[in-house]
Amino acid sequence: TKDTDAQSETSVEHHLLYYDDTRRGIEDSMTSRTTGLNIIKFIYSDGNIICTQYGSFGSLDTLFLANGNMNRRATYNTSYHSGIMTAYLHEIETFGYSAYCNPGFQKDIANSLGALLTVENLGDYLSVNLMNQYQYTFSLNYIPPVTSYSWTTDDTGRVVEGTATDLSTGQVSDYYTFQYE
C-alpha cells in the first residue's frame, strides 16, 4: 500500500501482485480512489519485458535487456476502438552502462519487482551496472540531449557518489550519493 498526500486529499493505492512459478512479477492490480482500477501485465520474452497497462490510462512499454542491463525502453500510448488496441510510439529511452555495479541491484528484487519499479519510474532495479549515458527521444523529429554519468568510488571500489551532466549544455543536472552499511 502506498499513501500519498496530494494537497488536502489523501490517495491510498492498494496493490495485488501476482507471480509466476519462477517468482517473476506477472501482474500488478492497483486500485485507488482517484484513478480507479489499473492493471499492469508483464510478459517475459527473449530477454525482454513487455508491460501492458490497462485502466484509466493505457500504455505499452517494452524493456529491452542485454548483458544484464536495460539498454532501451520504448513507450507507446494506446487507444481502444471496438475492443482492438492500437499502440502509438510515444518515446524511446536508450541507456549505456559503466563497469560499476549498480548499488540498487539485488537479484531477488530485480526478478520479482524490477519491471514494476522501472515502469513506475521508481528507479532502475533491473540493471546490474550503473548507467554512463542516457538519451531520451520524445519524437522522431527531435534531437535529444545526451546525459553522461560520472561515478566516484571508495577505497574498496564501491560507487559512493556521481553526477549526471547534460552534454549539450555542460551543466550538471543531478547528484547521486550512495551509503553502505
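Residues numbered from 1 in each chain as written. Predicted model: local features only at pLDDT ≥ 70, side-chain atom pairs only at ≥ 80, totals over all residues. Heavy atoms only, no water.

Trainee: Explanation requested: a nonpolar patch on the surface in the structure shown.
Mentor: Together, Leu-16, Tyr-18 and Ile-26 give the surface a local cluster of nonpolar side chains, amounting to about 270 Å² of exposed area. Within the element layout of this structure, Tyr-18 appears in strand β2 (residues 9-19). On the accessibility criterion, Tyr-18 (39% relative accessible area) is partly exposed. (Patch = residues over 30% accessible without salt bridge, like charges linked within 9 Å, V, L, I, M, F, W, Y side chains within 5 Å. Areas by Shrake-Rupley, 256 points an atom, 1.4 Å probe, with all protein chains shown as cover. Salt bridge = Lys/Arg side-chain N within 4 Å of Asp/Glu carboxyl O. Helix = DSSP H or I, 4+ residues; strand = E, 2+ residues; numbered from the N terminus. Buried < 20%, exposed > 50% of the residue type's maximum accessible area, 1.4 Å probe, protein only.)

Trainee: Whenever I open this one, the side chain of Thr-62 confuses me. Can you help?
Mentor: In this structure, Thr-62 sits in strand β6 (residues 59-66). Of the residues examined, Thr-62 reaches a relative accessible area of 13% and is grouped as buried. Once you skip the residues sitting within four places of it in the chain, Thr-62 turns out to touch Ile-49, Ile-50, Arg-72, Arg-73, Ala-74 and Tyr-76. (Contact = heavy atoms within 4.5 Å.)

Trainee: What am I meant to see in the nonpolar core here?
Mentor: One finds Ile-40, Phe-42, Ile-49, Cys-51, Leu-63 and Val-119 to be the most contacted residues of the largest nonpolar core, which totals 18 residues. Looking at this core, the elements with two or more residues in it are β4 (36-45), β5 (48-54), β8 (84-101), α2 (114-119), β9 (129-137), β10 (146-153) and β11 (159-166). Per-element accounting of this core gives the leading share, three residues, to α2. When neighbours within four sequence positions are excluded, Leu-63 is seen to be in contact with Asn-48, Ile-49, Cys-51, Met-70, Arg-72, Arg-73, Ala-115, Thr-118, Val-119 and Leu-126. (Core = buried A, V, L, I, M, F, W, Y, C linked by side-chain atoms within 4.5 Å.)

Trainee: How should the packing of aromatic side chains be read in this particular structure?
Mentor: Aromatic rings considered in pairs are described by the distance between their centres and by the relative angle of their planes. Within the structure shown, the criterion is met by five aromatic pairs. Ring geometry for Tyr-149 versus Tyr-176: centroids 6.2 Å apart, planes at 45°, classification tilted. Of this pair, Tyr-149 sits in strand β10 while Tyr-176 is found in strand β12 (residues 171-177), placing the two residues 27 residues apart along the sequence. The class of Tyr-176 is partly exposed, set by a relative accessible area of 28%. Taking 5.6 Å as the distance between ring centres and 50° as the angle between the ring planes, the aromatic pair formed by Trp-151 and Tyr-176 counts as tilted. With Trp-151 in strand β10 and Tyr-176 in strand β12, this residue pair connects regions lying 25 residues apart in the sequence. Overall, the relative accessible area of 13% leaves Trp-151 in the buried class. (Phe/Tyr/Trp six-rings, centres within 6.5 Å; stacked < 30°, edge-to-face > 60°.)

Trainee: I keep staring at the pairing of β4 and nothing clicks. Help me out?
Mentor: If a strand is regular, its side chains alternate between the two faces of the sheet. Sheet analysis places strand β3 (residues 25-32) next to β4, joined by six bridges and oriented antiparallel. From the neighbouring strand, Thr-31 faces β4, where its bridge partner is Leu-37. Two strands pair when backbone bridges link them, and β4 and β5 are joined in this way by seven bridges, in the antiparallel orientation. By the bridge assignment, Lys-41 is partnered in β5 with Thr-52. Where β4 folds back onto β5 in an antiparallel hairpin, the turn is made up of two residues, including Asp-46, whose phi is positive at roughly 50°. (Pairing = 2+ DSSP bridges.)

Any functional reading would require information beyond the geometric quantities listed.
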